[in-house]
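Summary of structural features
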2 protein chains.
Amino acid sequence: MGPEIERLVTLLAKLPGLGPASARRIAVRLLTRRAELMLPLAETLGAAAAAVRPCSVCGNLDTTEPCAICVDPRRDQGLVCVVESVADLWALERAGAHHGSYHVLSGALSAIGGITPDDLSVGGLLQRVRDGAVREVILATSATVDGQATAHFLTDRLKPFGVAITRLAHGVPVGGEIERMDHGTLAAALRARRPV
Amino acid sequence: MGPEIERLVTLLAKLPGLGPASARRIAVRLLTRRAELMLPLAETLGAAAAAVRPCSVCGNLDTTEPCAICVDPRRDQGLVCVVESVADLWALERAGAHHGSYHVLSGALSAIGGITPDDLSVGGLLQRVRDGAVREVILATSATVDGQATAHFLTDRLKPFGVAITRLAHGVPVGGEIERMDHGTLAAALRARRPV
């Protein structure tokens, strides 16, 4: 394997979800699909790197500053949904169920990963709340230990401002079969049961 | 999601082993690690695409023509190991157990994938055998239905030249536990049992 290929495999293996074996497989595919895949990808990476920047208001990735969501007058800028990453923001946008704005933390607290409150983007959120522009903060962190710890931390920081704080409901996912649900999900769904 | 990001996700999702969800995750990581990951990857893709070419003799990917393996006088050029892809060649090189040269087919016959003999690079191999430079051809195609079909096809094409044709042994992988082996592997290992 020449140094160019080795460097390519090393970089690809750093991407989330990939290891040395999948990186090698991808490198071979790229090198054998030069015109259709490798050169377009190189060009698109460069173009996206040049054009896309994190929004200074919410942390979303976009080619405009502030991002399209932050300047959209049809969206409720007083309703801020807090997410761990832009991938979570995209998932909520695909669901099309949130009509407010966002705040991207760029991470979640993690004892194992050594992620502390200093590593999260919280200042911008607190500033928006302090400015009085925010009516309600929806905590949409993951339903994992780290995500819940992050939600508790944010609740403590937001409470003094008297803003409404909500979090996503826990329960049986739509389409989920009861017999396949774990104990925690069933217990949460029972606790949060609603009148029919 | 802007058009630059959408194009990046679409291209990433075309890589082997990736789908839309993993492509989005990788796109976010790239866009948030611009200097350390995204720009180096764009540059490395371009550099590798410019420098690396398939070897005209064996099909290996390298920056020299013919490739370093084909011109290495310490390697037995009369012993040719036939592999489906360059990734397989790399795996054999990492094992360090083959001291001959290679021939890369760039695929395997596949009824489902619609891969016919015309889609494989066979001409170069037959030419090398016809030229009398090859003493033995080792068939190192995968032990799958497609790989075995490819090996049978190659055996038919190579037999008329009177060259020695061998294939990799089937058996229990080193480190493998008997109770976890499938029926086919155990049957093959029993058939090919050897005196101690």
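Residues numbered from 1 in each chain as written. Chains lettered and ligands numbered in written order. Predicted model: local features only at pLDDT ≥ 70, side-chain atom pairs only at ≥ 80, totals over all residues. Heavy atoms only, no water.

With that out of the way, let us pick up the packing of helix H5 (residues 123–130) of chain B against helix H6 (residues 145–158) of chain B. Residues and elements named next belong to chain B. It is at 11 Å that the axes of H5 and H6 come closest, and there the two elements cross at 35°. With respect to the hand of their crossing, H5 and H6 are arranged in right-handed fashion. Along its contact with H5, which presents Leu125, Leu126 and Val129, the element H6 presents Leu154, Arg157 and Leu158. In terms of residue class, the contact of H5 with H6 is built from five nonpolar, no polar and one charged. (Axes fitted to C-alpha atoms, helices over the stretch in contact; angles between N-to-C directions. Helix = DSSP H or I, 4+ residues; strand = E, 2+ residues; numbered from the N terminus. Left-handed = near helix turned anticlockwise from the far one by under 90°. Contact = heavy atoms within 4.5 Å. Nonpolar A, V, L, I, M, F, W, Y, C, P; charged D, E, K, R; others polar.)

Residues and elements named next belong to chain B. Here we have four strands laid out as an open sheet, ordered S4-S3-S5-S6, and parallel in their pairing. At either end of the open sheet lies a strand with only one pairing partner, and these are strand S4 (100–104) and strand S6 (164–167). Here the average twist between neighbouring strands, direction ignored, is 25°. Two elements, strand S3 (residues 76–83) and strand S5 (residues 136–139), share four bridges in a ladder whose sense is parallel. (Pairing = 2+ DSSP bridges.)

You can overlay chain B on chain A at an RMSD of 0.1 Å; the transform is a turn of 180° with a shift of 0.1 Å along its axis. Viewed as a symmetry operation, the transformation between the two copies matches a two-fold axis. Across chain B, the rotation axis passes nearest the C-alpha of Ala42 of chain B, at a separation of 2.3 Å. Same-surface contact between copies: 100% of interface residues of chain B are shared with the interface of chain A. (Least-squares fit on C-alpha atoms with pLDDT ≥ 70 in both.)

What follows concerns the interface of chain B and chain A. Taken together, the contact between chain B and chain A spans 45 residues of the former and 45 residues of the latter. Overall, the association of chain B and chain A removes approximately 4,400 Å² of surface from exposure, summing both partners, and the carbon and sulfur fraction of that is 77%. When residues of chain B are sorted by the area they lose upon contact with chain A, Pro16, Leu45 and Trp90 of chain B head the list and together hold 16% of the total. Here chain B and chain A share two salt bridges between them. Remark: the boundary between chain B and chain A carries seven residue pairs in polar contact (both at pLDDT 80 or more). Within the residue set of the side of chain B that touches chain A, elements represented by two or more residues are helix H1 (3–12), helix H2 (20–32), helix H3 (34–51), strand S1 (53–54) and helix H4 (86–95) of chain B. Partitioned by chemical class, the residues of the side of chain B that touches chain A number 29 nonpolar, five polar and 11 charged. (Buried area = accessible area lost by both parts, 1.4 Å probe. Salt bridge = Lys/Arg side-chain N within 4 Å of Asp/Glu carboxyl O. Polar contact = N/O pair within 3.5 Å; in protein donor to acceptor, adjacent residues only side chain to side chain.)

Looking now at the pattern of salt bridges. Tallied over the full model, the rule gives 10 salt bridges over all chains. A salt bridge links Glu43 of chain A to Arg7 of chain B; the nearest nitrogen and oxygen atoms lie 3.5 Å apart. Remark: Arg7 of chain B occurs in helix H1 and Glu43 of chain A occurs in helix H3 (residues 34–51); the pair is interchain, linking two chains. Among the residues examined, Glu43 of chain A registers a relative accessible area of 47% and is labelled partly exposed. The class for Arg7 of chain B is partly exposed, based on a relative accessible area of 42%. (Buried < 20%, exposed > 50% of the residue type's maximum accessible area, 1.4 Å probe, protein only.)

Before going further, it helps to examine the pairing of S3 of chain B. Residues and elements named next belong to chain B. Among the eight residues that make up S3, six are buried, leaving the element largely enclosed by the rest of the structure. Two elements, S3 and S4, share five bridges in a ladder whose sense is parallel. Of the residues in S4, the one forming a bridge with Asp76 is Gly100. The parallel pair S3 and S4 is bridged by H4, and the resulting crossover is right-handed. (Right-handed = clockwise from strand over helix to strand, strands pointing away.)

Residue and element names in this part refer to chain B. Note that S5 and S6 share four bridges and pair parallel. Residue pairing across strands places Leu139 opposite Arg167, the latter belonging to S6. For the segment spanning S5, H6 and S6, crossover handedness is right-handed.

On to the domain arrangement of chain A. Parsing chain A into structural domains produces domain 1 (6–51) and domain 2 (76–167). Computed from C-alpha coordinates alone, the two centres of domain 1 of chain A and domain 2 of chain A are separated by 32 Å. (Domains from an automatic or database assignment.)

Residues and elements named next belong to chain A. Taking strand neighbours across the sheet as the criterion, the four strands line up as S4-S3-S5-S6 in an open arrangement whose pairing is parallel. Each edge of the open sheet carries a strand with a single partner, namely strand S4 (100–104) and strand S6 (164–167). Going across the sheet, the axis of each strand differs from the next one's by a mean of 25°, ignoring polarity. Contacting strand S3 (76–83) and S4, helix H4 (residues 86–95) runs over the sheet at an angle of about 160° to S4. Sheet strands touched by helix H6 (residues 145–158): S3, strand S5 (136–139) and S6. Its angle to S5, the strand with the most contacts, is close to 165°.

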